[in-house]
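Residue-level structural notes
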Amino acid sequence: MDMTQFWDGWDPIIHTVITLTAGYLALLIILRLSGPRTMASMTPLDFIVAVTIGSAFGRTLTAVDVPLSQAILTVLLLVLLQWLMAWMRGRSPKMRRILDAPPVLIYYQGKFQRKALRKHQLVEDDIHTAVRSSSRGSLKEVSAVILEQNGGLVVIGDAELDDSSSVLKFTGEAEDD
């Protein structure tokens, strides 16, 4: 039995302590300087960046052959690319359409939006779960349920719908049954 899988001396331990400490501080500084958008509510693009940052940082901690400088550069470039995408998204409606999934109306004034449910692999039970999670006991109290860009379901009650200017303008018209 190879004992190095249990103990390989102090060098790997010291490497992990130094790399973890320096890498953690560098990651903290980079993410702090990049602003809150980098770690905001996760869109699919944000999720990819977060997983990639975690993977790059994790690999550095466990692999002796990956220098800390390479991991810090990787994280820095990922954050810069994320910032660049956010900057372009904020200045170009075309980039917004490319990068962002629009919110989708999946329930509106007593009617499930069947096409939208099918397209986004949702079922009526998902709507009921979202309604219960919003502390409502009945769909009778709900005017709209929207699938947001981050994958969450937002429930809008009758009292909150008002003129629906924040709903139909962004999600499109409701389906006719």
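The notes below deal with the structure included here. (Residues numbered from 1 in each chain as written. Predicted model: local features only at pLDDT ≥ 70, side-chain atom pairs only at ≥ 80, totals over all residues. Heavy atoms only, no water.)

1. Focus on the sheet that holds strand β4 (residues 153-157)
- In spatial order, the strands read β2-β1-β3-β4; together these four strands make up an open sheet with antiparallel pairing. Each of the sheet's edge strands pairs with one partner strand only, and the pair in question is β2 (111-112) and β4.
- Sheet analysis places strand β1 (residues 104-108) next to strand β3 (residues 142-147), joined by four bridges and oriented antiparallel. Bridge pairing in β3 places Leu105 opposite Ile146.
- The strands touched by helix α6 (residues 124-133) are β1, β2, β3 and β4; relative to β4, the strand with the most contacts, the crossing angle is about 65 degrees. (Pairing = 2+ DSSP bridges. Helix = DSSP H or I, 4+ residues; strand = E, 2+ residues; numbered from the N terminus. Contact = heavy atoms within 4.5 Å. Axes fitted to C-alpha atoms, helices over the stretch in contact; angles between N-to-C directions.)

2. Some thoughts on the pattern of salt bridges
- By the definition in use, this model includes two salt bridges.
- Residue Arg114 pairs with Glu124 through a salt bridge whose shortest N-O separation is 2.4 Å. With Arg114 in helix α5 (residues 114-119) and Glu124 in helix α6, the pair connects residues that are 10 residues apart, well separated along the chain.
- The class of Arg114 is partly exposed, set by a relative accessible area of 37%.
- Note that Arg136 and Glu160 form a salt bridge whose closest N and O atoms lie 3.0 Å from each other. In this pair, Arg136 sits in the loop between α6 and β3 while Glu160 sits in helix α7 (residues 158-161), placing the two residues 24 residues apart along the sequence.
- Among the residues examined, Arg136 registers a relative accessible area of 16% and is labelled buried. (Salt bridge = Lys/Arg side-chain N within 4 Å of Asp/Glu carboxyl O. Buried < 20%, exposed > 50% of the residue type's maximum accessible area, 1.4 Å probe, protein only.)

3. A look at the environment of Leu161
- Structurally, Leu161 is set in helix α7.
- Along the primary structure Leu161 and Val142 are separated by 19 residues, whereas in three dimensions their C-alpha atoms are 9.0 Å apart.

4. Quick notes on the packing of aromatic side chains
- The final tally for this structure, using the stated rule, is two aromatic pairs.
- With a centroid separation of 5.1 Å and an interplanar angle of 85 degrees, the aromatic rings of Trp7 and Trp10 are classed as edge-to-face.
- Classification of Trp7 as partly exposed rests on a relative accessible area of 45%.
- Trp10 gets classed as exposed once you look at its relative accessible area, which sits at 59%.
- The interplanar angle of 70 degrees and the centroid separation of 5.1 Å between the aromatic rings of Tyr107 and Phe112 together place this pair among those described as edge-to-face. The residues Tyr107 and Phe112 share a single accessibility class, namely buried. (Phe/Tyr/Trp six-rings, centres within 6.5 Å; stacked < 30°, edge-to-face > 60°.)

Any functional reading would require information beyond the geometric quantities listed.
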